[in-house]
Amino acid sequence: MSAPVILPPARLGILGGGQLGRMFVQAARTMGYTVTVLDPDPDAPAAEFANLHLCAAFDDAEALRQLADSCAAITTEFENVNAESMRWLAQHTVVSPRGECVAVAQDRIREKTFFQQHGLPVAPFLPVTQADDLDSDLSDYLPGILKTARLGYDGKGQQRVRTAEEARAAWQQLGVPCVLEKMLPLQLEISAIVTRAADGQMAVFPIAENQHHQGILDVTLVPARVSTDLAQAAQQAACRVAAALDYVGVLAVEFFVLEDGLLRVNEMAPRPHNSGHYTLDATVSSQFQQQVRAMCGLPPAATDLLRPVAMLNLLGDVWPGAGTDACREPDWQPLQAEAQGFLHLYGKREARIGRKMAHYNLLADQANTAAERVAVLRDTLL
Ligand code: ADP
Ligand code: MG
């Protein structure tokens with residue numbers, strides 16, 4: 001389908017109403033659009049900002065029909081949406097990204113094969129779909145990580161294995177198609193977020209440096225502490241992926257920077273990304289505004305960095321008594337008192353350990369300074 005320009009107050013639809021959906025809805029409504037959210041959770045974080053919340057399953061035929069009939073364009077906030085639902089919607093209205101792109105991103109075997117086919121180096125990996133796949137010589141992949149091909153996120157669905165015996169035992173436990181991936185010596189992790197319009201125009205946000213804690217993104221620093229050449233190589237690689245997929249929308253690509261300085265593509269997400277939340281306060285446009293623009297047939301906005309920034313993820317862990325009846329809201333005073341600090345709460349009622357509840361963007365003259373200050377602020381919460 002060609003890309004008509006969709007102007008406000010047209011209605012836009014989004015599959016998923018978590019925090020990414022919530023920030024999409026906030027951007028879209030500020031830009032003058034009307035928004036329908038489809039999410040089975042009555043307390044979906046996006047619902048309170050949406051004009052309409054369809055509280056139904058993602059493959060609910062009636063809800064999908066209503067979305068298709070009422071929305072000028074539809075997007076998604078997560079990759080595990082039924083690609084079939086997206087293909088069906090695309091027969092009736094404008095859907096971006098295409099279900100086919102989402103299908104590649106939601107399966108590590110397809111995803112890594114796709115990167116390789118397009119000349120983007122990945123960690124050595126072996127698809128494991130049946131037990132005897134692990135009977136061959138595994139020395140190229142060990143020590144390694146066995147990752148489920150589908151539905152893994154935040155380090156879930158992964159097991160580190162040192163020997164072939166451990167790999168076989170781990171596969172028996174996981175019991176689903178996996179990839180066995182060689183453990184690489186990482187210097188750091190970075191990500192690139194690219195927006196591609198229907199006519200092929202692209203704009204990339206500045207490269208983000210990502211620090212994880214227990215498999216979950218903890219801090220993002222921008223600018224990343226890498227050479228200009230490396231940052232450009234990562235931006236170009238992300239653009240190459242988006243172009244090869246004939247992608248429309250916001251695409252996040254995660255990379256490893258190895259100890260010897262080489263770049264390896266890790267994975268992609270067919271949507272705005274946690275490591276792009278800094279764009280809400282630190283760049284000319286945000287990744288959510290870009291998502292709206294791309295689906296509406298508008299050219300990508302400028303992506304220049306206004307100030308160095310550290311983004312701190314705030315998990316349920318900082319809620320005193322998280323996961324119990326005695327759970328309390330943290331004292332936000334120290335964070336709110338910062339003149340260049342911006343708290344984004346997702347409106348989730350229940351704080352649980354490891355649950356993404358909010359993030360905090362702190363701007364400073366240097367990313368390092370911002371990182372030190374968010375670390376101090378986090379300590380005041382804990
Ligand atoms: P998820 O979908 O859970 O984000 P990833 O593949 O990104 O899965 O893995 C989560 C984290 O595990 C990465 O951010 C990185 O820190 C570590 N990791 C994953 N694969 C490798 C690898 N091949 N070598 C070293 N570390 C890895
Ligand atoms: Mg990842």
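Residues numbered from 1 in each chain as written. Chains lettered and ligands numbered in written order. Predicted model: local features only at pLDDT ≥ 70, side-chain atom pairs only at ≥ 80, totals over all residues. Heavy atoms only, no water.

### Observations regarding the sheet that holds strand β7 (residues 144-148)
What the four strands build is an open sheet, ordered β6-β9-β7-β8; its pairing is antiparallel. With partners counted over all chains shown, the strands left at the sheet margins are β6 (125-128) and β8 (158-161), one partner each. Pairwise comparison of adjacent strand axes, ignoring direction, gives a mean angle of 20 degrees for this sheet. Each of β6, β7, β8 and β9 (178-182) is contacted by helix α5 (residues 108-117), which is oriented at about 50 degrees to β9, the strand it contacts most. (Pairing = 2+ DSSP bridges. Helix = DSSP H or I, 4+ residues; strand = E, 2+ residues; numbered from the N terminus. Axes fitted to C-alpha atoms, helices over the stretch in contact; angles between N-to-C directions. Contact = heavy atoms within 4.5 Å.)

### A few points about the packing of aromatic side chains
Inspection of every chain in the model, using the stated rule, returns two aromatic pairs. Taken together, a centroid distance of 4.9 Å and an interplanar angle of 50 degrees make the contact between phenylalanine 58 and phenylalanine 78 tilted. Residue phenylalanine 58 is located in the loop between β3 (52-54) and α2 (61-70), and its partner phenylalanine 78 is located in the loop between β4 (73-76) and α3 (83-90); the two are separated by 20 residues in the primary sequence. Overall, the relative accessible area of 18% leaves phenylalanine 58 in the buried class. Note on tryptophan 319 and tryptophan 332: the rings are 5.3 Å apart at their centroids and 70 degrees apart in plane angle, and the pair reads as edge-to-face. With tryptophan 319 in the loop between β16 (309-315) and α10 (333-336) and tryptophan 332 in the loop between β16 and α10, the pair connects residues that are 13 residues apart, well separated along the chain. In this structure tryptophan 319 comes out as buried when scored by relative accessible area, which is 5%. By relative accessible area, which is 10% here, tryptophan 332 ends up buried. (Phe/Tyr/Trp six-rings, centres within 6.5 Å; stacked < 30°, edge-to-face > 60°. Buried < 20%, exposed > 50% of the residue type's maximum accessible area, 1.4 Å probe, protein only.)

### Digging into the site of ligand 1
Neighbouring ligand 1 are 19 residues, the closest being Lys147, Gly155, Lys182, Glu189 and Asn266. Note that an oxygen atom of ligand 1 is positioned 2.5 Å from one of the side-chain N or O atoms of glutamate 189. Protein chains bury 91% of the 540 Å² of accessible surface belonging to ligand 1 in isolation. Of all the secondary structure elements, the ones that give two or more residues to the shell around ligand 1 are β7, β9, β10 (186-196), β14 (249-258) and β15 (263-269). Here the shell around ligand 1 is composed, by residue class, of six nonpolar, five polar and eight charged. (Near = heavy atom within 4 Å. Polar contact = N/O pair within 3.5 Å; in protein donor to acceptor, adjacent residues only side chain to side chain. Areas by Shrake-Rupley, 256 points an atom, 1.4 Å probe, with all protein chains shown as cover. Nonpolar A, V, L, I, M, F, W, Y, C, P; charged D, E, K, R; others polar.)

### Examining the state of the cysteines
Scanning the entire structure with this criterion turns up zero disulfides. No disulfide involves cysteine 55; its sulfur sits 16 Å from that of cysteine 71, the nearest cysteine. A relative accessible area of 44% means that cysteine 55 is categorised as partly exposed. Unpaired in this structure, cysteine 71 has its nearest cysteine sulfur neighbour in cysteine 296, at a distance of 11 Å. (Disulfide = S-S within 2.5 Å.)

### Examining the coordination of the magnesium ion (ligand 2)
Taken together, Glu254 (OE) and Glu267 (OE) make up the protein donors of the magnesium ion (ligand 2), found 1.9 to 2.4 Å from the metal. In this pair, glutamate 254 sits in strand β14 while glutamate 267 sits in strand β15, placing the two residues 13 residues apart along the sequence. (Donors = N, O, S within 2.8 Å, 3.2 Å for Na, K, Ca; no water.)

### Notes on the sheet that holds strand β1 (residues 11-15)
The strand order across the open sheet formed by five strands is β3-β2-β1-β4-β5, and the pairing between neighbours is parallel. Where the open sheet ends on each side, the last strands, each with one partner, are β3 and β5 (94-95).

### What about the nonpolar core?
Of all hydrophobic cores here, the largest spans 35 residues; its most connected members are Phe115, Ile190, Val241, Leu245, Leu251, Phe255 and Met268. Those elements that place two or more of their residues in this core are α4 (99-105), α5, β10, α7 (228-244), β14 and β15. Per-element tally for this core: the top contributor is α7, with eight residues. The two domains that each donate at least three residues to this core are domain 2 (124-182) and domain 3 (186-381). Apart from residues no more than four positions distant in its own chain, valine 241 is found in contact with Phe114, Phe115, Leu120, Leu251 and Met268. Within the second largest apolar cluster, 23 residues are counted, among which are Phe24, Ala27, Ala28 and Tyr346. (Core = buried A, V, L, I, M, F, W, Y, C linked by side-chain atoms within 4.5 Å. Domains from an automatic or database assignment.)

### Notes on helix α9 (residues 287-295)
Counting buried residues along α9, seven of its nine residues qualify, which places the element largely inside the surrounding structure. The first or second residue beyond α9 is glycine 297, which carries a positive phi of 75 degrees.

### What about the domain arrangement of the protein chain?
Taken as a whole, the protein chain is organised into domain 1 (11-95), domain 2 (124-182) and domain 3 (186-381). Spacing between the C-alpha centres of domain 1 and domain 2 amounts to 35 Å.

### Remarks on α2
Residues Ala63, Leu64, Leu67 and Ala68 constitute the buried set of α2. The arc that holds the buried residues of α2, viewed along the axis, is 135 degrees, so those residues lie on one side. In this structure, α2 carries Ala61, Glu62 and Asp69 as exposed residues pointing more than 90 degrees from its buried face. Contact partners of the buried residues in α2: β1, β2 (34-38), β3, β4 and α3. (Arc of directions from axis to C-beta.)

### Topic: the side chain of serine 96
Relative to the helices and strands, serine 96 resides in the loop between β5 and α4. The buried category is assigned to serine 96, whose relative accessible area is 5%. Other than its neighbours up to four places away in sequence, serine 96 contacts Ile74, Thr75, Thr76, Val248 and Met295.

### Digging into the packing of α2 against α3
One way to put it is that α2 packs onto α3 with a least axis distance of 10 Å and a crossing angle of 40 degrees. When the axes of α2 and α3 are compared, the pair comes out oblique. The hand of the α2/α3 crossing is right-handed. Contacts between α2 and α3 involve Leu64, Arg65, Leu67 and Ala68 from the former and Ser85, Trp88 and Leu89 from the latter. Tallied by class, the residues present in the contact of α2 with α3 amount to five nonpolar, one polar and one charged. (Parallel < 35°, antiparallel > 145°, perpendicular 65-115°, else oblique. Left-handed = near helix turned anticlockwise from the far one by under 90°.)

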